[in-house]
Amino acid sequence: MRRFKQYTIEQIEMFLSKYEFKRQIYEIHFHHTWKPTKQDYLQAEDKEKIILGMWKYHTDVRGFSDIAQHFTVAPDGTIWDGRDLEKNPASIYGRNNGAISIEHIGNFDEEKLEGVQLEASIRLIVAIIKNIKNKQDRVPILVFHREYSDKTCPGLLVDKGEILKLINERLNYSIPFKDVTSDMWSYEYIKRAAELGLIKGDGNGNFKPKDYLTREQGVVLIMRLYDLLKEAD
Ligand SMILES: [Zn+2]
C-alpha cells in the first residue's frame, strides 16, 4: 500500500539544502487541487486519506504511474511528499519534462491562498530555486497551470505577479519573469470579479477566457451583479 509522509517546511528546507537532483529542472509548476478544498482537508480526521484519495484518482482513474505531483502544500502549512523527485510529474500537458510539480490543497477560485499555507508555498519554491541555482547555470521558471490550459488553476484568486514578488523578495536576484498570465490584459478584472463572487469558473475548475459568453451565463452574471449592488444599498 502506498503511503505518504507529512513534513514541516523546515524539514523540507533542510532536505532540499542537501538534495542533489540527477535530472535537469527547467520549470516549477503551480497548481491547486480545486477538489479537495481547504475545508475538506481541515475537516478530515485522517489527513493522509486526502492524499491517498488523490493518489488513487491519479493512478486508477487517470492511469498515471503514481500521484501526479512531487509536493502537496496543505492548508495547515505542512507539506506532503509525492512522486519520486527524479521522475517527471503528470503536471501540465506537453511541459512535464524537467518539471517539478507543486499542488496546493484548496479551491482558489473561491477560497484564499493565505497565511501558513502561502508562507510554506513560497518557502518551498525558494528552497527549490536555491538548490537548483547552485548546480545548474540556469534557474527554473515558475509556471501557472492556466498559462497552458483552459483551467483556472491555481485558481482565479491567485495572482502570479504577487507570488513572484513574494519569491523575489527572498532571493537576492529576480527569477526569470515569464508570465503569460500577466500578458492576459484582462486578468486584473478577472481577479476582481472572482473576489466579488461574480464569476466562479464553470463548476469544473475551467474558465476558458477566450470562450463566448452564453445567454444563460450572461443572465447569471447580470443577476449576480444586481444582487451585489442591492446588498450595497
Ligand atoms: Zn493544475
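Residues numbered from 1 in each chain as written. Predicted model: local features only at pLDDT ≥ 70, side-chain atom pairs only at ≥ 80, totals over all residues. Heavy atoms only, no water.

If you look the protein up in an unreviewed UniProt entry, it shows as N-acetylmuramoyl-L-alanine amidase from Caloranaerobacter azorensis DSM 13643.

A. Focus on the sheet that holds strand β1 (residues 6-7). Taken in spatial order, the six strands make up an open sheet running β1-β4-β3-β5-β2-β6, and their pairing is mixed. Two strands close off the open sheet at either side, each with one partner strand: β1 and β6 (141-144). Relative to strand β4 (residues 79-81), strand β3 (residues 71-73) is paired through three bridges, and the arrangement is antiparallel. Residue pairing across strands places F71 opposite D81, the latter belonging to β4. Contacting β2 (27-32) and β6, helix α5 (residues 160-169) crosses the sheet at an angle of about 155° to β6. (Pairing = 2+ DSSP bridges. Helix = DSSP H or I, 4+ residues; strand = E, 2+ residues; numbered from the N terminus. Contact = heavy atoms within 4.5 Å. Axes fitted to C-alpha atoms, helices over the stretch in contact; angles between N-to-C directions.)

B. Just the packing of helix α4 (residues 115-133) against α5, in detail. With their axes 9 Å apart at the nearest point, α4 and α5 run at an angle of 60° to one another. Considering their axes alone, α4 and α5 lie oblique with respect to each other. For the crossing formed where α4 meets α5, the hand is right-handed. Residues L118, I122, I125, V126 and I129 of α4 lie in contact with α5, whose contacting residues are I163, L166 and I167. Of the residues belonging to the contact of α4 with α5, the class tally is eight nonpolar, no polar and no charged. (Parallel < 35°, antiparallel > 145°, perpendicular 65-115°, else oblique. Left-handed = near helix turned anticlockwise from the far one by under 90°. Nonpolar A, V, L, I, M, F, W, Y, C, P; charged D, E, K, R; others polar.)

C. Quick peek at the packing of aromatic side chains. Enumeration according to the criterion identifies three aromatic pairs in this entry. Ring geometry for Y19 versus F21: centroids 4.9 Å apart, planes at 85°, classification edge-to-face. With respect to class, Y19 is no different from F21; both count as buried. Note that K47 overlies the ring of Y41, its terminal NZ or CZ placed 5.2 Å from the centroid. Above the plane of the ring of Y148 lies R95, whose end atom (NZ or CZ) is 4.0 Å from the centre. (Phe/Tyr/Trp six-rings, centres within 6.5 Å; stacked < 30°, edge-to-face > 60°. Buried < 20%, exposed > 50% of the residue type's maximum accessible area, 1.4 Å probe, protein only. Lys NZ or Arg CZ within 6 Å of the ring centre and 35° of its normal.)

D. Summary view of the pattern of salt bridges. Counted by the stated rule, this structure contains 12 salt bridges. Here E10 ties to R123 by a salt bridge, and the two come within 3.3 Å at their closest N and O atoms. Separated by 113 residues along the polypeptide, E10 in helix α1 (residues 9-18) and R123 in helix α4 bring together distant segments of the chain. Among the residues examined, E10 registers a relative accessible area of 45% and is labelled partly exposed. Close ionic contact of K191 with E162 constitutes a salt bridge, the shortest N to O distance being 3.0 Å. With K191 in helix α7 (residues 187-195) and E162 in helix α5, this residue pair connects regions lying 29 residues apart in the sequence. Sharing partners across several salt bridges, the network here consists of E10, E13 and R123. (Salt bridge = Lys/Arg side-chain N within 4 Å of Asp/Glu carboxyl O.)

E. Region of the structure containing the coordination of the zinc ion. Distances from the zinc ion to its protein donors, namely H31 (ND1), H145 (ND1) and C153 (SG), fall within the range 2.0 to 2.2 Å. Every donor residue of the zinc ion comes from the same chain, spaced as H-x113-H-x7-C. Within this pair, whereas H31 is found in strand β2, its partner H145 is found in the loop between β6 and α5, the two being separated by 114 residues in sequence. (Donors = N, O, S within 2.8 Å, 3.2 Å for Na, K, Ca; no water.)

F. Broad picture of unusual backbone geometry. Of note, the amide linkage connecting K35 to P36 takes the cis form, showing an omega dihedral of 0°. Along the chain, the position of P36 falls in the loop between β2 and α2 (38-43). Going from C153 to P154, the amide bond is cis rather than trans, its omega being 10°. Mapped onto the fold, P154 is located in the loop between β6 and α5. Positive phi values are uncommon outside glycine, yet W34 reaches one of about 65°. Note that W34 resides in the loop between β2 and α2.

G. Layout of a nonpolar patch on the surface. Among the surface-exposed residues, V219, I222, M223 and Y226 lie close enough to one another that they form a single nonpolar patch of about 410 Å² accessible area. Among the structural elements, I222 can be located in helix α8 (residues 215-232). The exposed category is assigned to I222, whose relative accessible area is 55%. (Patch = residues over 30% accessible without salt bridge, like charges linked within 9 Å, V, L, I, M, F, W, Y side chains within 5 Å. Areas by Shrake-Rupley, 256 points an atom, 1.4 Å probe, with all protein chains shown as cover.)

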